[in-house]
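# Per-entry structural report
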Amino acid sequence: MCAELGIGPVDVATEEHTLAVPGHPDARLRVYWPTTERPAPTARGAAGLPILVYFFGGGFEIAGIDWVWWDASFRERARDAGVIVVAGEYSHAPERKFPTQAEQCWTVFEWAAEHARELGGDPERLAIGGGSAGGNLAAATLLMNRDRANRPVRLQLLEVPLLDLTGAHLKSQPGIPRLVFWQLARTLVAQYLGRDRALRRNPYASPLRAESFAGLPPAVIYTAELDALRGDGEAYARALSEAGVPVSCVRMIGQNHGSAGYRHAVPMSDHQHRDIVATLRTLHDDPVAYAQIGARP
């Protein structure tokens, strides 16, 4: 099916690492460079390539950096935007539950920041992104960074993100009976969090439940009109705006949760890819100028 949809890997340099995560299973990652050869390390004081740390989606239960679609997407974004992509892997639920996944993603981000120059990148040009459940983990990583290290992150890029595990912002899916939909949602959350219902309000599990969004980086958020998670992304955009964080939120009309995965078959998907590439290219800009204009090109 991937071949029929035109989804396949482009030739870029890659490298894999496995990281120890204290108290949790190891985390695996893959680095994608925008060229076919790995660049030389960045000298101190020199401007290296921007780095996007990205977490895949899959309802916390499936998918990974080896999935053909995700791997192809990381390769295309690295090449087209001229950035280094560090794609992080995390354990699946229900075999492993929160906070394992959040701590694994935090470890991947910390590694990318600490090894930025070694990768040919720039620790002053970092971005964090994710899709769906990966958007949840990206937003949680941003909160962890603010609380633990306060490294300079210049952009958060979230695609159809799941951000509130209480379900307060969920929209019923067209064609799915409401009771069936809510049962599916509750099952997904329980498999990720376990039986402790209080965890649904933990900000590292539900970033939209954070007490404050001050100090977070500029955001670009994509939602889809027919997606049950549309309310999460748009509520998060409003919360960021009210906290003084520059934010752009784009709702794709007539699209569903998975539409963006079909770039070569759905015009909107190709547009979204090009819009993301344009946004990521702003990371090449001067940091001071970037801070003045926000995240949008």
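Anything mentioned here points back to the structure above.
Residues numbered from 1 in each chain as written. Predicted model: local features only at pLDDT ≥ 70, side-chain atom pairs only at ≥ 80, totals over all residues. Heavy atoms only, no water.

## Describing the packing of helix α1 (residues 68–81) against helix α6 (residues 267–281)
Operational definition: Axis lines are fitted through C-alpha atoms, for helices just across the contact stretch, and the angle between N-to-C directions can take any value from 0 to 180 degrees. We count a stretch as a helix when DSSP gives it H or I for four or more residues in a row; a strand needs E for two or more, and each element gets its number in order from the N terminus. When describing relative orientation, an angle under 35 degrees is termed roughly parallel and one over 145 degrees roughly antiparallel, while 65 to 115 degrees is termed roughly perpendicular and anything else oblique. Here a crossing is called left-handed whenever its near helix is offset anticlockwise from the far helix by less than a right angle, and right-handed whenever the offset is clockwise. Contacts were defined at the residue level, with two residues in contact if any of their heavy atoms lie within 4.5 Å.
For the pair α1 and α6, the least separation of the axes is 9 Å and the interaxial angle reads 50 degrees. As far as their axial angle goes, α6 and α1 are oblique. Judged by the twist between their axes, the crossing of α1 over α6 is right-handed. In this structure, α1 uses E76, R77, D80 and A81 to contact α6, whose residues at the interface are H273, I276, V277, L280 and R281.

## Focus on the side chain of Q101
Rules: Residue exposure (1.4 Å probe, protein chains only): buried if accessible area is under 20% of the type maximum, exposed if over 50%, otherwise partly exposed.
Within the element layout of this structure, Q101 appears in helix α2 (residues 100–114). On the basis of relative accessible area, Q101 is assigned to the buried category, the value being 0%. Setting aside residues up to four positions removed in sequence, Q101 forms contacts with Y90, S91, H92, A93, R96, L137 and Y192.

## What to know about the environment of A102
With respect to the helices and strands, the residue A102 is situated in helix α2. By relative accessible area, which is 1% here, A102 ends up buried. Remark: the alpha-carbon pair of A102 and L137, spanning 35 residues in sequence, is separated by 5.9 Å.

## What to know about the pairing of strand β6 (residues 153–159)
What counts, and what does not: Note on handedness: a clockwise path from strand one over the helix to strand two, with the strands aimed away from the viewer, defines a right-handed crossover. When DSSP finds two or more bridges between a pair of strands, those strands are recorded as paired.
Burial within β6 is extensive, with seven of its seven residues counted as buried. In this view, the connection linking strand β5 (residues 121–131) to its parallel neighbour β6 by way of helix α3 (residues 133–148) has right-handed handedness. Pairing analysis gives four bridges linking β6 to strand β7 (residues 219–224), with the strands arranged parallel. From the neighbouring strand, Q156 faces β7, where its bridge partner is A219.

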